[in-house]
Amino acid sequence: MLQFAKELYPINRSITGVGLRQTLERIGKEIPELMVRSVPSGTKVFDWIVPDEWEISEAYIQDASGRKIVDFAENNLHVVGYSTPVDLTMSLEELNSHLHSLPDQPDAIPYVTSYYQDNWGLCLSHRQREGLQSGNYRVVIRSRKFHGVLNYGELYIPGASEEEVLLSSYVCHPSLANNELSGPTVLTFLGRMLSKRKNRLSYRLVFVPETIGAICFLHSELERLRTKVSAGFNLTCIGDERNFSIIHSRLGSTLSDRVAVAAARLITPTFREYTFLDRGSDERQYCSPLVDLPVVTLCRTRFYDYPEYHTSLDNFDVVTAQGLEGGYQFVLNCVELLENSHRFRTRFPCEPQLDRRGLYPTLSNGPSGASVNLLLDVLAYCDGNHDAVAISEIIRRPIEDVSRALETLLSHDLIGL
Amino acid sequence: MLQFAKELYPINRSITGVGLRQTLERIGKEIPELMVRSVPSGTKVFDWIVPDEWEISEAYIQDASGRKIVDFAENNLHVVGYSTPVDLTMSLEELNSHLHSLPDQPDAIPYVTSYYQDNWGLCLSHRQREGLQSGNYRVVIRSRKFHGVLNYGELYIPGASEEEVLLSSYVCHPSLANNELSGPTVLTFLGRMLSKRKNRLSYRLVFVPETIGAICFLHSELERLRTKVSAGFNLTCIGDERNFSIIHSRLGSTLSDRVAVAAARLITPTFREYTFLDRGSDERQYCSPLVDLPVVTLCRTRFYDYPEYHTSLDNFDVVTAQGLEGGYQFVLNCVELLENSHRFRTRFPCEPQLDRRGLYPTLSNGPSGASVNLLLDVLAYCDGNHDAVAISEIIRRPIEDVSRALETLLSHDLIGL
Amino acid sequence: MLQFAKELYPINRSITGVGLRQTLERIGKEIPELMVRSVPSGTKVFDWIVPDEWEISEAYIQDASGRKIVDFAENNLHVVGYSTPVDLTMSLEELNSHLHSLPDQPDAIPYVTSYYQDNWGLCLSHRQREGLQSGNYRVVIRSRKFHGVLNYGELYIPGASEEEVLLSSYVCHPSLANNELSGPTVLTFLGRMLSKRKNRLSYRLVFVPETIGAICFLHSELERLRTKVSAGFNLTCIGDERNFSIIHSRLGSTLSDRVAVAAARLITPTFREYTFLDRGSDERQYCSPLVDLPVVTLCRTRFYDYPEYHTSLDNFDVVTAQGLEGGYQFVLNCVELLENSHRFRTRFPCEPQLDRRGLYPTLSNGPSGASVNLLLDVLAYCDGNHDAVAISEIIRRPIEDVSRALETLLSHDLIGL
């Protein structure tokens, strides 16, 4: 996964354009069934209008000596996203109103965009900015906005049931590793795995430009999604090694919320839970009042809560192979819990006769112990109303113990659907 | 308001009679639409029978020298309410069984009544009582009970909706300031204000003799009230400066309960909440099982919880202009919260595009800050199920911030009913 | 009750057989309406098959000198329940694999059974076992298993309503006092009392062999029980003086759960509550998913939680007259709370006029005090939705105070059904 993320890293993504398409193509190499959707500029999607496509070839600042001191060719972050074209010479004072830097992080180039208002600007480290001498500078941005399309990728993996799990991440940030490449990377590899095996549930994976892309996707099939989606997860900032985090859904008590907590607990007792008030990614759209899908956002360290967020420091010092593995495991746990979220029922009234199945000691003072109790406790709540996660909560046993007991009970035909 | 209360103070009110009518007339000068209702003595109202009207002209004790030592002309409290007539000379020993005083508050004249059982008595300070010499005393009470009427005042202020707010206080206590004049005073001024402006909700204000008057009022139109009243407040002991208090409704979780808490919180974080087990005023009737109106009692310091309660010390040392103002503001807060208790819904799925309305920074690193977050958080819960009070509880922001955000969202047509 | 328990003590009970029948006969002398049911060996009951009947006449170990050193004639516990016949001479080493003793309780003979797997064994104190010399021993068990019947006793006491309370205990343990004779003893005396008086509810008392007997009983009329039983209690270990304990039902919030808590609180504030995870008696069957009767287990000290459990030390040092009395009172409290679990409603809107019924002081400053407040508080929740237990919880007053107030209100016709 790390290799894949590094391959995508240099591409200059935005919410539209060639970088976005290249990214979707590269993802499509891993999961060939991925459909790339196109929504024309100007399309009305709920309260929004799909913006013009943005294209950029060059952006730099030259000092009086003609030396390029800030150059988009060196780092995608040097130009404000969706900058309008410019070719001007101006004083440092004039230039300053178009420069962005971070006094508190003097070595970091900030990530700045202006999607819906014509503007232009350049980003640089505060250390470099402080070194600028007064005098004239030439600023060149060779870009254009034009009536084009917005793209997003969608992969539907049909399962035994039409009940659907929505998995979403975003592909509109240029060279930023944790926010954002960790999300589409984990999602791509998860999609590859899911499409190779038989699943009980159906899965819908979407790779969207954040906000406007999620809105386009929702606009395309809101009613169907509201009928079919029983759980969903938005993946973001899921490749660092620091933490495991859940941003709960708007109402906080959906199946996704319960599953995410159980999935995190499988990895660590010290994960972190946020309410919807701490949201900031596409859960904003998925959980909005008239949409209200049961979507929870999964992170390792939440955006805003790590210092490198939205700067050039969000690189492969932050995102690691181990970090991505942990994120993948987190989402996979959610998937497996959902795949196993059957609500089993005992096959007959009263306890079954476990001893003739070798599951209970035949002598009344024989060793029964923990495993028999576990089996009986799990069985006691196989009443058709509780899935594994709920049973785990009631009997206060780890979900993996409950799953093991359910397997034993199933293999002896003591429970069914 | 203080002036108004002082004007009402000398009137000798009881649950029937001329003092009650004078009080309703004086209130009617401020709110001319007030209807004065009359219920004949002997009328059966649920389990009760409206008592005879009571009239009193004189009541005094003369000592052996003919000096009036206790005189109703000096203080209404000197005679037990509803005393039967008497003109007798008797020893101090005999007299004592008809005297009421408070050993623990030697300077206070107690307030005593005997509405439903024939009896007579006089009330005096314990200090004066202890000074009485043995010997003969003449006791004169010139009173009569006769088939008359019980009166109460009712003011209906129609609003845009027929949904109704019940506001009640009582007018049967003689010269007592906090319990009782604070209640009708605040209610009168609130009625004057409400009847001068357009309201979303309709308001029904009642000025009743406590208990029997509330029962007469409920009897007159219980079924209609049960259909129309969505919230209600009983006002008592609402003119001192000591505290702000809520006596919750019988079941404790009506709209009125939630609104009262939010209204108190707008004034102070240290208000006090009582359960229905601490009740003692007309909430006893309004919340009784087969009535069950959503009524909460609002006080500054609750009856029983201030030492001057039901004595001659409950005067304008306890009730002040500032105390009444605070009480008025408390009830007004409830009214305004109810006026604004719409359950708004967002106009479209997904977040709206706030930047093109000037509500969101156009540059991604622009100043967003608290006000944008507030707007988005409020909007997230405008799902048709939550009113301002509920949203305030969920997003843990003061109700005034939520109201401000709702106004902004309304003015941009981002939410509706 | 103690005498009755002592009479039953020597009988060699098992899950089938003559000892079980003798026990049911003796119970039938106290409650002649008791029906003794018979279920033939081999009958399929849900997942179980009724085992063969077991008969035993002799069981002993002889040492080399021919002396009987362990003899079933001396203590029923000396033989493993359902032992197959044997008459063999063997070395101490061989013998040891068929001996059961408790190293931690060297003076206690353990209670061991092997109902569903052919096996044989003998139980003795660890102290005696340690004294055994190497050498040859003769082991004799004269027993047989044959196609017979399993018996259980059932007593139905019809009440005014067909709504039914299930009371269950078990009768399959040989000479053990707390677990088990305390249960059938308390149940027998309760049945005698209930069958002599008129009850509002109907009662079904069952005396079953544990597990298989409860399953047979449930199998015989599950659908009817699921319709009629509104509460139920399983009685076990209810004759010692140590504690009062509740094992809650599977879902934990049935009428039985609430009643058991109120019943225990009538006796002591320090009773103990267990969840269903701590179960171990016939609540395992009664609460199993497809049965799901509202059954709570009542104990004094719960099985497993007293050291003498399942050993010869569980005798009349543990079970006492006072212990049985306390257990009887505990169950009786449950019964009386159920008998009185009406949901009364006030007869009219608003408070009634209590003074003309002598229930309220006529002078406003007269002594009202706790009893008037109690009456009014209870009345306030007589809304047709709350029974005595619920009112007790809401107004935070002991159930006996609430019951007293309800009687007063009923006698004045202030409440009804």
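Residues numbered from 1 in each chain as written. Chains lettered and ligands numbered in written order. Predicted model: local features only at pLDDT ≥ 70, side-chain atom pairs only at ≥ 80, totals over all residues.

Re the overall build of chain A
As a reminder of what qualifies: Each helix is a run of DSSP H or I of at least 4 residues and each strand a run of E of at least 2, with the numbering of both proceeding from the N terminus. Think of it as a crowd count around each C-beta: if 20 or more other C-beta atoms lie within 10 Å the residue is buried, if 12 or fewer it is exposed, and in between it is partly exposed, with C-beta placed from the backbone throughout. Contact between two residues is assigned when their C-beta atoms, built from the backbone, lie within 7 Å.
Across its full length, chain A holds 12 helices and 18 strands. Taken over the C-alpha atoms alone, chain A extends approximately 95 × 40 × 35 Å along its principal axes. Taken across its 417 residues, chain A has 48% of its residues classed as buried. At a minimum sequence separation of 6, the contacts of chain A that also span at least 24 residues come to 79%.

Structural notes on the interface of chain B and chain A
Heads up, the condition is: Residues are grouped as follows: nonpolar covers Ala, Val, Leu, Ile, Met, Phe, Trp, Tyr, Cys and Pro; charged covers Asp, Glu, Lys and Arg; every other residue, Gly included, is treated as polar.
Across the contact, 19 residues belong to chain B and 23 residues belong to chain A. Among the elements of the structure, β17 (345-346) and α10 (369-380) of chain B are those that each provide at least two residues to the side of chain B that touches chain A. For the side of chain B that touches chain A, the class distribution of residues is eight nonpolar, five polar and six charged.

Focus: the relation of the copies chain C and chain B
Both copies of the chain are placed relative to one another by a rotation about an axis and a shift along it. Which entries qualify depends on this criterion: Residues reaching a pLDDT of at least 70 in both copies supply the C-alpha atoms on which the copies are superposed by least squares.
Each copy superposes on the other: chain C lies on chain B with an RMSD of 0.3 Å after a rotation of 120 degrees and an axial shift of 0.2 Å. A rotation of that kind, with that shift, is consistent with a three-fold axis. Among all C-alpha atoms of chain C, that of C:S253 lies closest to the rotation axis, at 13 Å.

Comments concerning helix α7 (residues 255-265) of chain C
What α7(C) keeps buried is the set C:S256, C:D257, C:V259, C:A260, C:A262, C:A263 and C:A264. In this structure, the buried side of α7(C) is in contact with β13 (229-235), β14 (245-247), β16 (295-299), α9 (321-339), α11 (388-395) and α12 (399-411) of chain C.

So, the sheet that holds strand β6 (residues 86-91) of chain C
Residues and elements named next belong to chain C. Cut-off, in case you're wondering: By definition, two strands form a pair when at least two bridges between them are found by DSSP. Every axis corresponds to a line fitted to the C-alpha atoms, with the helix fit spanning only the stretch in contact, and the corresponding angles, defined between N-to-C directions, vary from 0 to 180 degrees.
In spatial order, the strands read β5-β4-β9-β6; together these four strands make up an open sheet with antiparallel pairing. The sheet terminates laterally at β5 (68-71) and β6, the two strands that pair on one side only. Within the sheet, the average angular offset between the axes of one strand and its neighbour, ignoring direction, is 20 degrees. The pairing of strand β4 (residues 53-62) with β5 spans three bridges and is classified as antiparallel. The residue bridging Y60 from the neighbouring strand is D71, located in β5.

Structural notes on the packing of helix α11 (residues 388-395) of chain A against helix α12 (residues 399-411) of chain A
Residue and element names in this part refer to chain A. We count it as follows: Here a crossing is taken to be left-handed if its near helix is turned anticlockwise relative to the far helix by less than a right angle, and right-handed if that turn runs clockwise.
The N-to-C vectors of α11 and α12 enclose an angle of 115 degrees; their axes lie 9 Å apart at closest approach. Along this stretch, α11 crosses α12, giving a crossing that reads as right-handed. Side by side, α11 and α12 meet where A388, V389, I391 and S392 of the first sit next to I399, V402, S403 and L406 of the second. Here the residues of the contact of α11 with α12 are counted per class, giving six nonpolar, two polar and no charged.

Details of the pairing of strand β10 (residues 149-157) of chain B
Residues and elements named next belong to chain B. In the sheet, strand β1 (residues 35-40) pairs with β10 via six bridges, with the strands oriented antiparallel. Each bridged residue has a counterpart across the sheet, and for R37 the counterpart in β10 is Y152. Bridge count between β10 and strand β12 (residues 202-208): five bridges; the pairing is antiparallel. Paired with L155 across the bridge in β12 is L205.

Points about the confidence of the model for chain A
We count it as follows: The quantity known as pLDDT measures the predictor's confidence residue by residue, on a range of 0 to 100.
Residue-level pLDDT values for chain A average 95, and 99% of them are 70 or greater. Across the interfaces of the predicted complex, the ipTM metric reaches 0.89, alongside a pTM of 0.82.

Examining the interface of chain C and chain B
Contacts between the two partners involve 19 residues from chain C, matched on the other side by 23 residues from chain B. Looking at the side of chain C that touches chain B, the elements that each hand over two or more residues are β17 (345-346) and α10 (369-380) of chain C. Residues of the side of chain C that touches chain B, tallied by class, amount to eight nonpolar, five polar and six charged.

A closer look at the domain arrangement of chain A
Stated formally: Here the bounds of each domain stem from an automatic or database domain assignment.
What the domain assignment lists for chain A is domain 1 (2-51 + 149-339), domain 2 (57-146) and domain 3 (345-416). Each partner contributes to the interface: domain 1 of chain A provides 11 residues, whereas domain 2 of chain A provides 13 residues.

Regarding the sheet that holds strand β4 (residues 53-62) of chain A
Residue and element names in this part refer to chain A. In spatial order, the strands read β5-β4-β9-β6; together these four strands make up an open sheet with antiparallel pairing. Of all the strands in the sheet, just β5 (68-71) and β6 (86-91) have a single pairing partner and so form its edges. Adjacent strand axes in the sheet meet at a mean angle of 20 degrees when their direction is disregarded. Pairing analysis gives nine bridges linking β4 to strand β9 (residues 136-146), with the strands arranged antiparallel. Residue pairing for β9: E58 is matched across the bridge by R142.

Focus: the nonpolar core
Formally: Defined on buried residues, the nonpolar core groups Ala, Val, Leu, Ile, Met, Phe, Trp, Tyr and Cys residues joined through C-beta atoms within 7 Å.
A:V378, B:V378 and C:V378 are the most contacted members of the largest nonpolar core, which has 366 residues in total. Leaving out residues up to four positions away in the same chain, C:V378 has contacts with C:I391, C:I395, C:V402, C:A405, C:L406 and C:L409.

Details of helix α2 (residues 18-30) of chain C
Residues and elements named next belong to chain C. Using the following cut-off: Expected helix span is computed as 1.5 Å times (number of residues minus one). The arc in question is formed by the directions pointing from the helix axis toward the C-beta atoms.
Its 13 residues place the ends of α2 19 Å apart at the C-alpha level, agreeing with the 18 Å of an ideal helix rising 1.5 Å per residue. G19, L20, T23, L24 and I27 are the residues of α2 that are buried. The buried residues of α2 occupy an angular sector of 135 degrees when the element is viewed end-on, so they sit on one face. Across from the buried face of α2, at angles greater than 90 degrees, the exposed residues are E25 and K29.

As for the environment of B:R284
Checked against the element boundaries, B:R284 lands in helix α8 (residues 283-286). C-beta crowding within 10 Å serves as the criterion here: with 23 such atoms nearby, B:R284 is assigned to the buried category. Between the C-alpha atom of B:R284 and that of B:A214, which follows or precedes it by 70 residues, the distance is 9.6 Å. Here B:R284 is in contact with B:R279 and C:E351, once residues within four sequence places are set aside.

With respect to the pairing of strand β11 (residues 164-170) of chain A
All names here are of chain A. Put simply, the rule is: Note on handedness: a clockwise path from strand one over the helix to strand two, with the strands aimed away from the viewer, defines a right-handed crossover.
The buried fraction of β11 is high, at seven of seven residues. Both faces of β11 are covered, namely the face carrying E164, L166, S168 and Y170 and the face carrying V165, L167 and S169. Handedness of the β-α-β unit built from β11, helix α5 (residues 177-196) and strand β12 (residues 202-208) comes out right-handed. Pairing of β11 with strand β13 (residues 229-235), which is carried by five bridges, proceeds in the parallel orientation. Residue V165 lies in a different strand from β13, and its bridge partner there is A231.

A closer look at the packing of helix α7 (residues 255-265) of chain A against helix α9 (residues 321-339) of chain A
Residue and element names in this part refer to chain A. This is how it is decided: With respect to orientation, any angle under 35 degrees is reported as roughly parallel, any angle over 145 as roughly antiparallel, any angle of 65 to 115 as roughly perpendicular, and every other angle as oblique.
The contact between α7 and α9 brings their axes to 8 Å, and the two run at 125 degrees. Comparing their axes, α9 and α7 come out oblique. The hand of the α7/α9 crossing is right-handed. Contacts from V259, A260, A262, A263 and A264 of α7 reach α9 at F330, N333, C334, L337 and L338. In terms of residue class, the contact of α7 with α9 is built from nine nonpolar, one polar and no charged.

So, unusual backbone geometry
All names here are of chain B. A positive phi angle, close to 55 degrees, is found at D292, a residue other than glycine. By secondary structure assignment, the location of D292 is in the loop between α8 and β16 (295-299). Even without being a glycine, H310 presents a positive backbone phi close to 60 degrees. Examined against the element boundaries, H310 turns out to sit in the loop between β16 and α9 (321-339). Look at H310 and you get buried, because 20 C-beta atoms sit within 10 Å.

What to know about the environment of C:S195
Residues and elements named next belong to chain C. Inspection of the secondary structure assignment puts S195 in helix α5 (residues 177-196). Separated by 38 residues in sequence, S195 and I157 have C-alpha atoms that sit 6.0 Å apart. Each residue touching S195, except ones within four places of it in the same chain, is listed here: I31, E33 and I157.

Focus: the environment of B:V331
All names here are of chain B. Summarising the element assignment, V331 is placed in helix α9. Considering only alpha carbons, one finds V331 and A260, 71 residues apart in sequence, at a separation of 8.4 Å. Not counting residues up to four positions away in its chain, the partners in contact with V331 are V186, L190, F233, L235 and L298.

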